[in-house]
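Coordinates in review
Residue strings, one per chain:
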Amino acid sequence: MSTSPDLVSIGEPLIEFNRPREGDGRTWLQGFGGDSQNVAIAAARQGVRAGYLTSLGQDWMGDAFLELWQAEGVDASRVTRHPTAPTGVSFVTHGPSGHKFDYLRKNSAASLMAPETLPRDYVAGARVLHVSAIGQAIGDSARRTCEAAIEAARAAGVKVSYDTNLRLRLWDLDTARAVIDATIARCDVALPSLDDSQQLTGLQAPDAIADHYLRLGAPLVALKLAAEGCLVATPEQRFRLPSHCVEAVDATGAGDTFDGAFLARLLAGDDLQTAARYANVAAALSTTGYGAVTPIPRADAVRAALAAAPSAAG
């Protein structure tokens with residue numbers, strides 16, 4: 001029997017400082033972020049055995065992440081600590097157009113992950129490997145490590161999940177497009193978001209974007225449409241689900257919550273519509289508080305919201 005969790009995520013965790021809109025402008029809430037680790041926590045909160053692969057600094061921030069993952073039931077047994085490089089930091093502010101990110105992450109421990117130290121057996125023993133484009137963008141060594149993880153997963157028959165999260169401060173659009181398109185062609189579940197995909201593909205319509213990623217070779221595309229819900233497409237079927245209405249406060253991490261919840265329900269055996277509806281509700285609930293991790297709902301809260309919501313499929 002494999003000692004690996006069902007879902008293994010790889011990437012960069014970021015200590016988060018979030019400045020609430022209603023604050024005095026000087027008060028920050030310290031939390032946790034980093035898209036790939038958000039996915040691991042979101043999946044774990046839905047009851048999935050999840051694990052994380054990264055490198056942390058020998059600092060209080062790295063210690064805090066290890067404490068978080070232990071509390072959340074996310075396996076960190078293969079996480080490494082870099083002797084000199086720091087754990088990355090993100091700052092989240094809020095304005096009329098939504099949330100904005102700023103970072104202290106250059107030469108972070110995670111950006112220096114090396115393929116030579118990747119625990120390939122850990123990846124090969126999982127059922128799903130989750131990778132994000134941010135993990136590929138933070139540095140050449142991290143990109144090669146993500147590539148090695150994908151190779152190990154594919155060689156072992158492990159499904160690959162991929163979020164196209166685009167951060168143009170980390171790499172230029174042409175490089176991002178080339179790497180992301182090549183990765184889409186090797187993934188089993190593509191999890192793009194509309195705004196990123198419009199920049200990456202030059203297309204505007206959700207159906208055209210889904211068609212683009214299907215043509216590249218992804219057998220399943222779940223396109224996140226923010227307040228408009230999601231579009232799920234395979235070569236055989238396609239449907240759109242509306243969003244779940246909430247009083248949104250902070251959308252930080254909402255797409256990651258969708259990813260983790262969607263993968264959790266697919267791992268549990270749900271059909272695509274059931275999994276996508278669940279993920280839509282989980283993502284919406286995650287916007288009702290500040291921070292990427294704190295508001296991620298647990299399964300009982302998602303199920304309660306689902307039970308209270310009208311059932312509708314597009």
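Going by the structure above, here's the rest.
Fair warning: this is a prediction, and the values are worked out from it, not measured in the lab.

The rules we used
- Residues numbered from 1 in each chain as written.
- Predicted model: local features only at pLDDT ≥ 70, side-chain atom pairs only at ≥ 80, totals over all residues.
- Heavy atoms only, no water.
- Helix = DSSP H or I, 4+ residues; strand = E, 2+ residues; numbered from the N terminus.
- Buried < 20%, exposed > 50% of the residue type's maximum accessible area, 1.4 Å probe, protein only.
- Contact = heavy atoms within 4.5 Å.
- Areas by Shrake-Rupley, 256 points an atom, 1.4 Å probe, with all protein chains shown as cover.
- Lys, Arg positive; Asp, Glu negative; His and termini not counted.
- Charge placed at Lys NZ, Arg CZ, Asp CG, Glu CD.
- Axes fitted to C-alpha atoms, helices over the stretch in contact; angles between N-to-C directions.
- Left-handed = near helix turned anticlockwise from the far one by under 90°.
- Nonpolar A, V, L, I, M, F, W, Y, C, P; charged D, E, K, R; others polar.
- Pairing = 2+ DSSP bridges.
- Salt bridge = Lys/Arg side-chain N within 4 Å of Asp/Glu carboxyl O.
- Polar contact = N/O pair within 3.5 Å; in protein donor to acceptor, adjacent residues only side chain to side chain.
- Expected span 1.5 Å × (residues − 1).
- Core = buried A, V, L, I, M, F, W, Y, C linked by side-chain atoms within 4.5 Å.

**Digging into the overall build of the chain**
- Of regular secondary structure, the chain possesses 11 helices and 15 strands.
- Oriented by its inertia axes, the alpha-carbon framework of the chain measures out at about 50 × 50 × 40 Å.
- When the 314 residues of the chain are sorted by exposure, 57% land in the buried category.
- Contacts in the chain between residues far apart in sequence, at least 24 positions, make up 72% of those at least 6 positions apart.
- Of the accessible surface of the chain, which amounts to about 12,800 Å², a share of 53% is contributed by carbon and sulfur atoms.
- Each charge class in the chain can be summarised by its mean position, and for the 28 positive and 35 negative side chains these summaries are 1 Å apart.

**What about the packing of helix α9 (residues 254-267) against helix α10 (residues 272-285)?**
- Running from N to C, α9 and α10 point in directions that differ by 145°, and their axes come no closer than 8 Å. Crossing of α9 against α10: the hand is right-handed. Contacts between α9 and α10 pair Ala 254, Thr 257, Phe 258, Ala 261, Phe 262, Arg 265 and Leu 266 from the former with Leu 272, Ala 275, Ala 276, Tyr 278, Ala 279, Asn 280, Ala 282 and Ala 283 from the latter.
- A class-by-class count of the residues in the contact of α9 with α10 yields 12 nonpolar, two polar and one charged.

**Focus: the sheet that holds strand β8 (residues 88-95)**
- Within the open sheet, the four strands sit side by side as β3-β2-β8-β9. Their pairing is mixed. Looking along the sheet, the strands with just one partner apiece sit at the ends: β3 (29-33) and β9 (98-104). Direction aside, neighbouring strands of the sheet carry axes that sit 30° apart on average.
- Pairing analysis gives five bridges linking strand β2 (residues 14-18) to β8, with the strands arranged parallel. Bridge pairing links Leu 14 to Gly 88 in β8.
- Contacts between helix α2 (residues 60-72) and the sheet are confined to β2, β3 and β8, with β2 contributing the most and set at about 95° to the helix.

**So, the pattern of salt bridges**
- Under the definition given, this model contains 16 salt bridges.
- Measuring nitrogen to oxygen at the nearest pair gives 4.0 Å for the salt bridge that ties Asp 140 to Arg 143. Remark: Arg 143 and Asp 140 occur in helix α5 (residues 140-155); sequence separation between them is three residues, near one turn of the helix.
- When salt bridges with common partners are traced through the structure, they connect Arg 45, Glu 72 and Arg 298 into a single cluster.

**Details of the side chain of Glu 147**
- Inspection of the secondary structure assignment puts Glu 147 in helix α5.
- One polar contact links Glu 147 to Gln 136, side chain to side chain, over a distance of 3.4 Å.
- Non-local contacts of Glu 147, meaning those with residues more than four positions away in its chain, are made with Gln 136, Thr 183 and Arg 186.

**What to know about α10**
- Between its first and last C-alpha, α10 extends 20 Å over 14 residues, near the 20 Å set by a 1.5 Å rise per residue.
- Taken across its 14 residues, α10 has 11 buried, putting it largely inside the fold.
- If you check which residues of α10 are buried, you get Leu 272, Ala 275, Ala 276, Tyr 278, Ala 279, Asn 280, Val 281, Ala 282, Ala 283, Ala 284 and Leu 285.
- Elements in contact with the buried residues of α10: β14 (230-233), β15 (238-241), α9 and α11 (299-308).
- Among the residues of α10, the N-terminal cap falls to Asp 271, whose side-chain oxygen and the backbone nitrogen of Gln 273 are separated by 3.1 Å.

**Some points on the pairing of β9**
- As paired strands, β8 and β9 are joined by seven bridges and run antiparallel to one another. Bridge pairing links His 94 to His 99 in β9.
- Connecting the antiparallel pair β8 and β9 is a turn made up of two residues.

**Topic: the nonpolar core**
- Ranked by size, the top nonpolar core spans 44 residues in total, and within it Ile 10, Leu 129, Trp 171, Ile 180 and Ile 184 carry the most contacts.
- For this core, the element with the most residues is α5, which contributes seven residues.
- Excluding residues that lie within four positions of it along the chain, Ile 10 makes contacts with Ser 36, Tyr 52, Leu 53, Met 113, Leu 118, Leu 129, His 130, Val 131, Thr 145, Cys 146 and Ala 149.
- Judged by nonpolar contacts, the second largest core, of 31 residues, contains Ala 43, Val 189, Tyr 278 and Ala 279.

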